[in-house]
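Chain and residue survey
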Amino acid sequence: MQIKRLRLSGFKSFVDPADLRIEPGLTGVVGPNGCGKSNLLEALRWTMGENSAKSMRGAGMEDVIFAGTATRPPRDFAEVSLLAEVNGAETEIVRRIERGAGSAYRIDGKDVRAKDVSLLFADAATGAHSPALVSQGRISAVIAAKPTDRRAMLEEAAGIAGLHVRRRDAEQKLRATEANLLRLDEVIADQE
Ligand code: ATP
């Protein structure tokens, strides 16, 4: 997967719509302390489905919405759009959060579940917890990680993390079908 563009509006310090084109090769983001460099990486992780407010340096997920300054009022929503090339086709993934209404996701303009977005990225061997996204403090966390956590990282890197979710879904469906079959047997027995 190649990420080609990040578009932010009302996300943390990016109150006005901002477009970042990401060209092939190395991209550097430079600026003084506190100008919003880490916020950019967080915007990327957030759009990929990050659901831990703590890892977004907030107390609740609504803390990603522009909170206002001395000269500007707070915003009611934050939206981040990510344009990526997935299997040779351009795909737009959008996450939006509104105060009091929670998050919503869209893929190519269609409303989808958070799980659909996670699976899209997991299948492309990336995602909100991808080892390729190295934020501050992450290296020491990897060194200190438990073997099970390291295994999860390797699975993400190998692009097989999505299989666990699908397996869980399939098992749930199987159990529901088994329950239905049992019920059917009971109904048939009643008829006889
Ligand atoms: P450093 O180089 O020190 O790591 P940085 O360039 O990575 O800094 P960030 O940590 O991305 O900067 O940005 C911090 C800035 O974002 C702070 O000025 C903070 O006030 C602002 N900020 C964070 N959340 C919000 C919010 N919800 N609303 C408005 N501003 C916010």
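Being a predicted model, the structure only gives us computed values, none of them experimental. (Residues numbered from 1 in each chain as written. Predicted model: local features only at pLDDT ≥ 70, side-chain atom pairs only at ≥ 80, totals over all residues.)

Here we come to the UniProt feature "binding site: ATP" (unreviewed entry) in the protein chain. Sites flagged by UniProt as "binding site: ATP" (unreviewed entry) map to Pro32, Asn33, Gly34, Cys35, Gly36, Lys37, Ser38 and Asn39. Secondary-structure assignment places Lys37 in helix 1 (residues 37–47). With residues near it in sequence (within four places) discarded, Lys37 still touches Val29 and Gly31. (UniProt positions renumbered as here; feature names shortened; annotations may be inferred. Helix = DSSP H or I, 4+ residues; strand = E, 2+ residues; numbered from the N terminus. Contact = placed C-beta atoms within 7 Å.)

This part covers the environment of Phe121. Residue placement: Phe121 occurs in helix 2 (residues 114–123). Among the residues examined, Phe121 registers 25 C-beta atoms within 10 Å and is labelled buried. For the pair Phe121 and Glu156, spaced 35 residues apart in sequence, the C-alpha separation works out to 9.5 Å. Discounting residues that sit within four places of it in the chain, Phe121 has contacts with Met48, Thr126 and Gly127. (Buried ≥ 20, exposed ≤ 12 C-beta atoms within 10 Å, placed from the backbone.)

Bringing the site of the ligand into the picture now. In the vicinity of the ligand lie 14 residues, with Asn33, Lys37, Ser38, Asn39 and Ala67 positioned nearest. Taken together, the residues that form the shell around the ligand break down as four nonpolar, seven polar and three charged. (Near = placed C-beta within 6 Å. Nonpolar A, V, L, I, M, F, W, Y, C, P; charged D, E, K, R; others polar.)

Our next topic: helix 1. The complete set of buried residues in helix 1 reads Leu40, Glu42, Ala43, Leu44, Trp46 and Thr47. Residues of helix 1 that are buried in the fold lie against strand 1 (2–9), strand 3 (77–86) and strand 4 (89–98). In the stretch just after helix 1, Gly49 is the one whose phi turns positive, near 110°.

Further remarks concern the nonpolar core. By size, the foremost hydrophobic cluster in this structure holds 29 residues, and its most contacted members are Phe11, Ala43 and Val64. Going through the elements one at a time, strand 1, helix 1, strand 3, strand 4 and helix 2 are the ones with two or more residues in this core. At five residues, helix 2 tops the list of elements feeding residues into this core. Contacts of Phe11, omitting those with residues within four sequence positions, involve Ala43, Val64, Ala78 and Val80. (Core = buried A, V, L, I, M, F, W, Y, C linked by C-beta atoms within 7 Å.)

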